[in-house]
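So the chains spell out like this:
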Amino acid sequence: MNTRTLLNLSLPALLVAGATMAGASARAAADARAANAMAAKAEKSLSKRDTGAAVAWAERAVSLSPQDAAHRALLGRSYLRAGRFESARATLEEAVRLDGREGPTALNLVLAEIATGDWAGARRTLDEHAEKIGAADRGLA
């Protein structure tokens, strides 16, 4: 196969691949914007103590942006405030796994572990994240 034939066969494939990647990138950006908007609505619902709406908005945000630790942490907080402690614990564990730098997320995980009766897990989480959780919060937990 000569170079010209190879180019004639490869060029359409490259164009299709490029268009597909551009479309996927645009879709990801649109999903991220929508997830951020839903997260803002969840935060607003939490501030109004409307936990049902907060959970619904946060779940939508996570479904659009599943690797976003902040959205998962928001969903975990929403579950925690709604009294859904097992869901809060699982979601906050995922948030900490995605981004373990956030002290408030780790603290909320400790609270969810306490609420589910996992005292040993709560102590372990406190120990693992002691430098990220303020002393006063650690003492209260």
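Residues numbered from 1 in each chain as written. Predicted model: local features only at pLDDT ≥ 70, side-chain atom pairs only at ≥ 80, totals over all residues. Heavy atoms only, no water.

Colleague: So, the overall build of the protein chain: which residues are in play, and what are the values?
Modeller: Assigned secondary structure in the protein chain consists of seven helices and zero strands. Across the 141 residues that make up the protein chain, the buried fraction comes to 32%. Summarising the internal contacts of the protein chain: among those between residues at least 6 apart in sequence, 46% fall at separations of at least 24. In the structure as shown, the protein chain presents an accessible area of about 8600 Å², 56% of it carried by carbon and sulfur atoms. (Helix = DSSP H or I, 4+ residues; strand = E, 2+ residues; numbered from the N terminus. Buried < 20%, exposed > 50% of the residue type's maximum accessible area, 1.4 Å probe, protein only. Contact = heavy atoms within 4.5 Å. Areas by Shrake-Rupley, 256 points an atom, 1.4 Å probe, with all protein chains shown as cover.)

Colleague: Can you break down helix H5 (residues 103–115) residue by residue, with the values?
Modeller: Here H5 is 13 residues long and its end C-alpha atoms lie 18 Å apart, about the 18 Å a rise of 1.5 Å per residue gives. Here H5 has its buried residues at Gly 103, Thr 105, Ala 106, Leu 107, Asn 108, Leu 109, Val 110, Ala 112 and Glu 113. Summarising the contacts, the buried residues of H5 are in contact with helix H3 (69–81), helix H4 (85–98), helix H6 (119–128) and helix H7 (135–140). Backbone geometry just downstream of H5 places Gly 117 in the positive-phi region, at approximately 85 degrees. (Expected span 1.5 Å × (residues − 1).)

Colleague: Could you give me a rundown of the environment of Glu 94, with the residues and numbers involved?
Modeller: Residue position: Glu 94 is located in helix H4. Residue Glu 94 is classed as partly exposed on the basis of its relative accessible area, which comes to 29%. Counting along the chain gives 18 residues from Glu 94 to Gly 76, while the straight-line C-alpha distance between them is 9.2 Å.

Colleague: Which residues make up the side chain of His 129, and what values go with them?
Modeller: Along the chain, the position of His 129 falls in the loop between H6 and H7. Note on His 129: relative accessible area 8%, which makes it buried. Sequence-distant contacts of His 129, defined by excluding residues within four places in its chain, comprise Val 96, Gly 100 and Ala 106.

Colleague: Please set out the side chain of Ser 78 residue by residue, giving values where relevant.
Modeller: You can see Ser 78 is positioned in helix H3. Filtering out sequence-adjacent residues up to four positions away, Ser 78 remains in contact with Leu 46, Ala 54, Val 55 and Ala 58.

Colleague: Any chance you could break down the packing of H4 against H5 for me, citing the residues and the numbers?
Modeller: At a minimum axis distance of 9 Å, the contact between H4 and H5 shows a crossing angle of 150 degrees. Classified by the angle their axes make, H4 and H5 are roughly antiparallel. Our pair here, H4 against H5, has a crossing hand that is left-handed. On the side of H4, the interface is formed by Phe 85, Ala 88, Arg 89, Leu 92, Glu 93, Ala 95 and Val 96, while H5 contributes Thr 105, Ala 106, Asn 108, Leu 109, Ala 112, Glu 113 and Ala 115. A per-class count over the contact of H4 with H5 returns nine nonpolar, two polar and three charged. (Axes fitted to C-alpha atoms, helices over the stretch in contact; angles between N-to-C directions. Parallel < 35°, antiparallel > 145°, perpendicular 65-115°, else oblique. Left-handed = near helix turned anticlockwise from the far one by under 90°. Nonpolar A, V, L, I, M, F, W, Y, C, P; charged D, E, K, R; others polar.)

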